[in-house]
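Here is what each chain is made of, one letter per residue.
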Amino acid sequence: MNLSKQIEAATLNVTKKWKAEKRKAHREDRVSQRRLERMRYYVRRTTIRDAAFSVMEEAYNKASSNGKYYANARQIMYAARPKILEITGKKVLKDVYFTQTLLKDYLEAYRPDWKVVWDARGHFMEPYTGKKIGLGGIDVIDYIEGWHSNINIELPEIDSLIETKGPNNRFKYALFIEKEGFTEILKDAGISERYDMALMSTKGIPVKAACDLIESMVSVGVQVFVLHDFDLEGFKILRTLKEGTRLSHGSDVIDLGLRIGDIKGLVSEPVFYDRRQSNPRGYLIVDCEATEEEADFLVAKSTYSGYAGHRVELNAMTSEQLITWLEKKLKKHGVKKFIPDSQILDAAFRRAAYLQQIEEKIEELEDEEPIESVPNDIQKRVAKELR
């Protein structure tokens, strides 16, 4: 081997290990880059739910001033959304998904002692007083906390009514209607006063506030009746009131209809169910306690695009038909005027007698000569008292 060959062999031998190390370094560098990309990918894959849960407490504290005030669900959403989008790399987070799913998931999972309220999704109205509240969290909480039945017989105003708040000594029944727009018809027809009945209405599926109010009324002896369309949604509404929402309890309510026996002579309309959903027939019978006949009407057949049937709305009745039908139902369930117990009536009688005595004294004073002497410096005296 000549000298040049020997030098080449020696060089290769010396650099062989160096090249191997260099290749290894390049491989490790490529591996590190891939690992980094995978890490970045997984960061980008952080779910909306995980991100929301990670910032939820901070968002609530911001919206409520660390629990000092009530916080609306949408206020919490506005505090949380920028951080959620930043974490996930998303551009859009729908407010309904946050308030109705993510926030409720969090509250259900961790049960924090938070003062959270949702927008009102209906209304409640007392008989006689005409007091009306929205079926949102804060309104219902304030209304329930203000219930009392005290009768003050000491120096009441002469023309004042007995001041009660809530169902105690005022009403024994409440009527829940699945849609807005009917309470004014019923009130105008005198249903509320003639039967001492509160009226409730909601937009669609009842929310937590509605279920909470019904539960509180039932606990003090109020019977709650439910009026709904004869369709899948109507059965869902009835089931929700009986079983409650995710964050509230159900109650023992009484179903007035519409049911299959109530729709004779009423106009029905076709209804179609999406094939992507399961056949609603099983849900109606098993979960909603619909009869076979009712399920046959609501889900009459299977079609290429899904399922089809019929439905009947409360709106299919005229106002007169509705009132006549409703009164028959109420009388069938024994609904009648509410009479307070003897102890309450005793206090009310004493109060009325006391007011009558005051009125008689006032009439005696009216027969006396009025006071004519007025101090000359009355304006200065008033100014002095004000200072």
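Everything in this summary refers to the structure shown in the same document. These figures come from a predicted structure and were not determined experimentally. Within each chain, residues carry numbers counting from 1 in the order of the written sequence. Under the rules for a predicted model, residues below a pLDDT of 70 receive no local features and side-chain atom pairs below 80 are neither given nor counted, while totals for whole chains, interfaces and linings still include all residues. With hydrogens and water excluded, all non-hydrogen atoms of the structure serve as input to the side-chain values.

### Remarks on the overall build of the chain
Turning to step 1, where the next piece is worked out: Secondary structure elements follow DSSP: runs of H or I of four or more residues count as helices, runs of E of two or more count as strands, with numbering from the N terminus. Along its length, the chain carries 14 helices and 11 strands.
Turning to step 2, where the next piece is worked out: Burial analysis of the chain (387 residues in total) assigns 36% to the buried set.
Turning to step 3, where the next piece is worked out: Any pair of residues with heavy atoms lying within 4.5 Å of one another is described as a contacting pair. Considering only residue pairs separated by 6 or more positions, the chain has 71% of its internal contacts joining residues 24 or more positions apart. The rule is simple: take the accessible area with a 1.4 Å probe, protein chains only, and divide by the maximum for that residue type; under 20% is buried, over 50% is exposed, in between is partly exposed.

### Some words on helix 5 (residues 137-145)
Turning to step 1, where the next piece is worked out: Looking at helix 5, one finds that the buried residues are Gly137, Val140 and Tyr143. Summarising the axial view, the buried residues of helix 5 lie within an arc of 140°, below the 170-degree limit, and thus occupy one face.
Turning to step 2, where the next piece is worked out: Buried-residue contacts for helix 5 involve strand 2 (116-117), strand 3 (122-125), strand 4 (132-134) and helix 8 (208-219). Throughout, the arc means that of the directions going from the helix axis to the C-beta atoms.

### Points about the packing of helix 2 (residues 48-64) against helix 3 (residues 73-88)
Turning to step 1, where the next piece is worked out: As a rule, the C-alpha atoms of each element are fitted with a line to give its axis, helices using only the stretch in contact, and angles between N-to-C directions run from 0 to 180 degrees. The N-to-C vectors of helix 2 and helix 3 enclose an angle of 140°; their axes lie 8 Å apart at closest approach. If you check the angle between helix 2 and helix 3, you find them oblique. For the pair helix 2 and helix 3, the crossing hand works out as right-handed. On the side of helix 2, the interface is formed by Ile48, Ala51, Ala52, Ser54, Val55, Met56, Glu58, Ala59, Tyr60, Lys62 and Ala63, while helix 3 contributes Gln75, Ile76, Ala79, Ala80, Lys83, Ile84, Ile87 and Thr88.
Turning to step 2, where the next piece is worked out: Of the residues belonging to the contact of helix 2 with helix 3, the class tally is 13 nonpolar, three polar and three charged. Throughout, the term roughly parallel applies to angles under 35 degrees, roughly antiparallel to angles over 145, roughly perpendicular to angles from 65 to 115, and oblique to all others. The handedness criterion is simple: a crossing whose near helix is rotated anticlockwise from the far helix by less than a right angle is left-handed, and one whose near helix is rotated clockwise is right-handed. In this classification, Asp, Glu, Lys and Arg are treated as charged, Ala, Val, Leu, Ile, Met, Phe, Trp, Tyr, Cys and Pro as nonpolar, and every other residue, Gly included, as polar.

### Points about the nonpolar core
Turning to step 1, where the next piece is worked out: Counting 36 residues, the largest nonpolar core has Leu175, Leu186, Met197 and Leu330 as the members making the most contacts within it.
Turning to step 2, where the next piece is worked out: In terms of residue count, the dominant contributor to this core is helix 12 (residues 319-332) (five residues).
Turning to step 3, where the next piece is worked out: Excluding its chain neighbours within four sequence positions, the residues that come into contact with Leu330 are Ile191, Tyr195, Met197, Phe225, Leu256 and Val335. Side-chain atoms within 4.5 Å link the members of a nonpolar core, which is a set of buried Ala, Val, Leu, Ile, Met, Phe, Trp, Tyr and Cys residues.

### A word on a negative patch on the surface
Turning to step 1, where the next piece is worked out: Patch criteria: residues need more than 30% relative accessible area and no salt bridge. Like-charged residues are merged within 9 Å; nonpolar side chains of Val, Leu, Ile, Met, Phe, Trp and Tyr are merged within 5 Å. Where accessible areas are quoted, they stem from the Shrake-Rupley method and a 1.4 Å probe; at the residue level, only the protein chains shown are allowed to cover. For this analysis, a salt bridge means a side-chain nitrogen from Lys or Arg found within 4 Å of a carboxyl oxygen belonging to Asp or Glu. When charges are counted, neither His nor the chain ends are considered; positive counts come from Lys and Arg and negative counts from Asp and Glu. A charged residue contributes its charge at one atom only: NZ of Lys, CZ of Arg, CG of Asp or CD of Glu. A cluster of acidic side chains, namely Glu359, Glu360, Glu363, Glu364, Glu366, Asp367 and Glu368, defines a negative patch on the protein surface.
Turning to step 2, where the next piece is worked out: One can find Glu368 in the loop between helix 13 (342-366) and helix 14 (378-386).

### Let's talk about the sheet that holds strand 6 (residues 197-202)
Turning to step 1, where the next piece is worked out: Read from one edge to the other, the open sheet built from six strands follows the order 4-3-6-5-7-8, with strand pairing classed as mixed. The strands lining the two open edges of the sheet, one partner per strand, are strand 4 and strand 8 (254-257). Within the sheet, the average angular offset between the axes of one strand and its neighbour, ignoring direction, is 20°.
Turning to step 2, where the next piece is worked out: Two strands pair if DSSP finds at least two bridges between them. Where strand 3 and strand 4 come together, three bridges link them in antiparallel fashion. Counterpart to Met125 in the pairing with strand 4 is Lys132.
Turning to step 3, where the next piece is worked out: In the packing of helix 12 onto the sheet, contacts are made with strand 5 (173-177), strand 6, strand 7 (223-227) and strand 8, and the angle to strand 8 comes to roughly 145°.

### A short note on the pairing of strand 6
Turning to step 1, where the next piece is worked out: Buried residues dominate strand 6, accounting for six of its six residues.
Turning to step 2, where the next piece is worked out: Note that strand 3 and strand 6 share four bridges and pair antiparallel. Note that in strand 6 the partner of Phe124 across the bridge is Met200.
Turning to step 3, where the next piece is worked out: Inspection of the sheet shows strand 5 paired to strand 6 by five bridges, in the parallel sense. Among the inter-strand pairings, Ile177 is bridged to a residue of strand 6, identified as Ser201.

### Some points on the pattern of salt bridges
Turning to step 1, where the next piece is worked out: Going through the model one piece at a time under the given rule, you end up with 22 salt bridges.
Turning to step 2, where the next piece is worked out: Glu327 serves as the salt-bridge partner of Arg194, at 2.7 Å between the closest nitrogen and oxygen. One end of the pair, Arg194, is in helix 7 (residues 191-194); the other, Glu327, is in helix 12, and 133 residues separate them in sequence.

### Here's the deal with the packing of aromatic side chains
Turning to step 1, where the next piece is worked out: Any Phe, Tyr or Trp ring, taking Trp's six-membered ring, that has another such ring centre within 6.5 Å forms a pair; planes under 30 degrees apart are called stacked, those over 60 apart edge-to-face, and the others tilted. What the rule picks out here adds up to 11 aromatic pairs.
Turning to step 2, where the next piece is worked out: Taking 5.4 Å as the distance between ring centres and 50° as the angle between the ring planes, the aromatic pair formed by Phe124 and Tyr143 counts as tilted. In this pair, Phe124 is assigned in strand 3 and Tyr143 in helix 5, connecting sequence segments 19 residues apart.
Turning to step 3, where the next piece is worked out: A relative accessible area of 1% places Phe124 in the buried class.
Turning to step 4, where the next piece is worked out: Linked through ring pairs, Phe53, Tyr60, Tyr106, Tyr110 and Trp114 together constitute an aromatic cluster.

### Quick notes on unusual backbone geometry
Turning to step 1, where the next piece is worked out: A cis amide bond links Gly257 with the next residue in sequence, Leu258, at an omega value of 15°.
Turning to step 2, where the next piece is worked out: By the element assignment, Leu258 lies in the loop between strand 8 and strand 9 (269-274).
Turning to step 3, where the next piece is worked out: With a phi angle near 60°, Asn66 is a residue other than glycine that sits in the positive phi range.
Turning to step 4, where the next piece is worked out: Within the secondary structure, Asn66 is located in the loop between helix 2 and strand 1 (71-72).
Turning to step 5, where the next piece is worked out: One non-glycine residue with positive phi stands out, namely Tyr128, at about 70°.
Turning to step 6, where the next piece is worked out: Mapped onto the elements, Tyr128 comes out in the loop between strand 3 and strand 4.
Turning to step 7, where the next piece is worked out: Accessibility expressed as a relative area gives 45% for Tyr128, which makes it partly exposed.

### Some words on the pairing of strand 7
Turning to step 1, where the next piece is worked out: Most of strand 7 is tucked away: four of the five residues are buried.
Turning to step 2, where the next piece is worked out: Orienting the strands away from the viewer, one traces the path from the first strand over the helix to the second; a clockwise path indicates a right-handed crossover. As for the winding sense of the linkage, the β-α-β connection from strand 7 through helix 9 (residues 232-243) to strand 8 is right-handed.

### Here's the deal with a nonpolar patch on the surface
Turning to step 1, where the next piece is worked out: Taken together, the side chains of Val374, Ile378, Val382 and Leu386 define a hydrophobic patch exposed on the protein surface, amounting to about 400 Å² of accessible area.
Turning to step 2, where the next piece is worked out: Inspection of the secondary structure assignment puts Val374 in the loop between helix 13 and helix 14.
Turning to step 3, where the next piece is worked out: Overall, the relative accessible area of 52% leaves Val374 in the exposed class.

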